[in-house]
Amino acid sequence: VHEVTVRLIVNGHAREAATEARTTLADFLRERCGLTGTHLGCEHGVCGACTVLLDGAPVRACLVLAVQATGADVTTIEGLAGPDDRLSPVQAAFRDCHGLQCGFCTPGFVVTVTAFLRDHPDPTDQEIREALSGNLCRCTGYQGIVAAVRQAAVTLGGVRP
Amino acid sequence: VTGVAPGAARYVGSRVARVEDARLLTGRGTYVDDVVLPGMLHACFVRSPFARAAVLGIDTSAAAAVPGVRHVFTAADLNPDVQEQWHTTIGKDGPDTPRPPLAEGEVRFVGDPVALVVAESRAIAEDATELVDVDYDQLSAVVDYTTAEGSDTLVHEAHGSNLVARLDTIALDAFADDLAAAAHVTRATIRQQACAPVPMEPRGLIVDYTRARCPTRSGSSARACSAFPSTTSA
């Protein structure tokens, strides 16, 4: 099978590996980079569990080929915590608001919300729900997740009094 | 809190931080698909595209010839050694409607597993499943609960009927006189949705057969997952 060399920056580190051209970015991250925090639920762009930041934009890593991401700067769930593994404001809010249970969908939600609050620091509830509409959770329910986004918006300082 | 043991009082009524959240929130959980073992192989099923069909033959030769494919199994290979686990909520006298690991002679629903490909990677296994040539003779299917009982088509021929279980909460015959004398009788058909699992709640399984490596420890270790990050080991 024809292999191509993929080079990209993942969570600040340069990564390079030869892989089949058909390999998705998600499989590349999980299998070639050992970053198994990016989860694959549906593998056709519906569930959002595999969401990563590609040059800052939230994308579904199951719908991007690794070769398409060559040269890009990728941030995964593993790259969001601060020094000493301190949870990011979004991660901490999910913990505080019971925004996760089994945790399978959580990386996709956290990455999605991280990008959303960067672009919409003071969102309305309607905007929050629309932002979450591309991610599926099958056990926790969405109320805690919505509450987590509200709390994270406050923690991040974007909410106007 | 009164009347509660001191240990319980620590938790009742108080918020308790979950110990697993930090790793789940930072991508450090361990789900079945994250586990890689030395020499691990991947399995992929060939599944029926029909709701009901006779299986006239299966040609696995092209799939078996794919580099990286270790085995291609059909019912004849696997079923004789499998003790079928049978589960029912209607008691031990429920009818035996077999659900063999791999379809024997007939498929009974879309997705019914027909063959199993084992390969060195998931991609190879999935590629090879497309090369398994199953000769189906499509048959009429039973797709409606309301007409199933009167249908000439039997899902389980040996059972002799499409009625497998009946849940009666009230013996209505006992109220026949009351119903006949009632000023008003209301009839209602209550429908409920069909349920199906989503891919985020899979039944993943990893089995590590250890007897060959470790003569003192027979058996195998298994990791399973159904929407829970913790693995089950046996």
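Rules used throughout
- Residues numbered from 1 in each chain as written.
- Chains lettered and ligands numbered in written order.
- Predicted model: local features only at pLDDT ≥ 70, side-chain atom pairs only at ≥ 80, totals over all residues.
- Heavy atoms only, no water.
- Patch = residues over 30% accessible without salt bridge, like charges linked within 9 Å, V, L, I, M, F, W, Y side chains within 5 Å.
- Areas by Shrake-Rupley, 256 points an atom, 1.4 Å probe, with all protein chains shown as cover.
- Salt bridge = Lys/Arg side-chain N within 4 Å of Asp/Glu carboxyl O.
- Lys, Arg positive; Asp, Glu negative; His and termini not counted.
- Charge placed at Lys NZ, Arg CZ, Asp CG, Glu CD.
- Helix = DSSP H or I, 4+ residues; strand = E, 2+ residues; numbered from the N terminus.
- Buried < 20%, exposed > 50% of the residue type's maximum accessible area, 1.4 Å probe, protein only.
- Contact = heavy atoms within 4.5 Å.
- Buried area = accessible area lost by both parts, 1.4 Å probe.
- Polar contact = N/O pair within 3.5 Å; in protein donor to acceptor, adjacent residues only side chain to side chain.
- Nonpolar A, V, L, I, M, F, W, Y, C, P; charged D, E, K, R; others polar.
- Phe/Tyr/Trp six-rings, centres within 6.5 Å; stacked < 30°, edge-to-face > 60°.
- Core = buried A, V, L, I, M, F, W, Y, C linked by side-chain atoms within 4.5 Å.

A few points about a negative patch on the surface
Residue and element names in this part refer to chain B. Residues Asp59, Asp133, Asp135 and Asp137 make up a contiguous surface patch of negative charge. When residues in the negative patch are grouped by element, the largest group, three residues, is from strand β6 (residues 133–138). Structurally, aspartate 137 is set in strand β6. Judged by relative accessible area, which is 38%, aspartate 137 ranks as partly exposed.

As for the interface of chain B and chain A
In this assembly, 22 residues from chain B lie in contact with 28 residues from chain A. Roughly 2200 Å² is buried in total at the junction of chain B and chain A, and carbon and sulfur atoms are behind 56% of that figure. It is Leu25, Tyr31 and Met200 of chain B in chain B that bury the most area against chain A; as a group they hold 33% of the surface buried on that side. The interface formed by chain B and chain A includes five salt bridges. A salt bridge links arginine 28 of chain B to aspartate 85 of chain A, with the shortest nitrogen-to-oxygen separation between them at 3.7 Å. One can count ten residue pairs in polar contact (both at pLDDT 80 or more) joining chain B with chain A. Elements with a contribution of two residues or more to the side of chain B that touches chain A: α2 (21–25) and α5 (122–129) of chain B. Its residues placed into classes, the side of chain B that touches chain A shows eleven nonpolar, two polar and nine charged.

Regarding the packing of aromatic side chains
Per the counting criterion, the structure on display carries three aromatic pairs over all chains. Taking the centre distance of 5.2 Å and the plane angle of 80° together, the rings of phenylalanine 104 of chain A and tyrosine 31 of chain B count as edge-to-face. In this pair, phenylalanine 104 of chain A sits in the loop between α2 (89–96) and α3 (106–119) while tyrosine 31 of chain B sits in the loop between α2 and β1 (42–47), so the two residues belong to two different chains. In terms of burial, phenylalanine 104 of chain A and tyrosine 31 of chain B fall into one category: buried. Measuring from centroid to centroid gives 5.3 Å for phenylalanine 50 of chain B and tyrosine 136 of chain B, while their planes differ by 80°, and the two rings are edge-to-face. Placement of the pair is phenylalanine 50 of chain B in the loop between β1 and β2 (53–59) and tyrosine 136 of chain B in strand β6, with a sequence separation of 86 residues. Its relative accessible area of 24% is what places phenylalanine 50 of chain B among the partly exposed residues.

Regarding a nonpolar patch on the surface
Judged by side-chain polarity, Ile170, Leu172, Phe175, Leu179 and Val185 of chain B come together as a nonpolar surface patch covering roughly 480 Å² of accessible area. You can call phenylalanine 175 of chain B partly exposed: its relative accessible area is 39%.

A look at the pattern of salt bridges
Residue and element names in this part refer to chain A. A full pass over the atoms with the stated rule returns 16 salt bridges over all chains. Note that aspartate 122 is salt-bridged to arginine 160, the shortest N-O span being 3.6 Å. Of this pair, aspartate 122 sits in the loop between α3 and α4 (125–132) while arginine 160 sits in the segment after α5 (143–155); the two residues are 38 residues apart in sequence, bridging distant segments of the chain. The class of aspartate 122 is partly exposed, set by a relative accessible area of 26%. Across the salt bridge formed by aspartate 125 and arginine 150, the nearest N and O atoms sit 2.8 Å from each other.

Looking at the nonpolar core
All names here are of chain A. In this structure, Phe94, Leu117 and Leu132 are the most contacted members of the largest nonpolar core, which totals 36 residues. Among the elements that take part in this core, α3 stands out by supplying seven residues, more than any other. Setting aside anything within four residues of it in sequence, one finds leucine 117 in contact with Val90, Pro123, Val149, Ala152, Ala153 and Leu156. Ala17, Phe28, Cys33 and Leu35 belong to the second largest nonpolar core, which has 22 residues in total.

What is shown is where atoms sit, not what they do.
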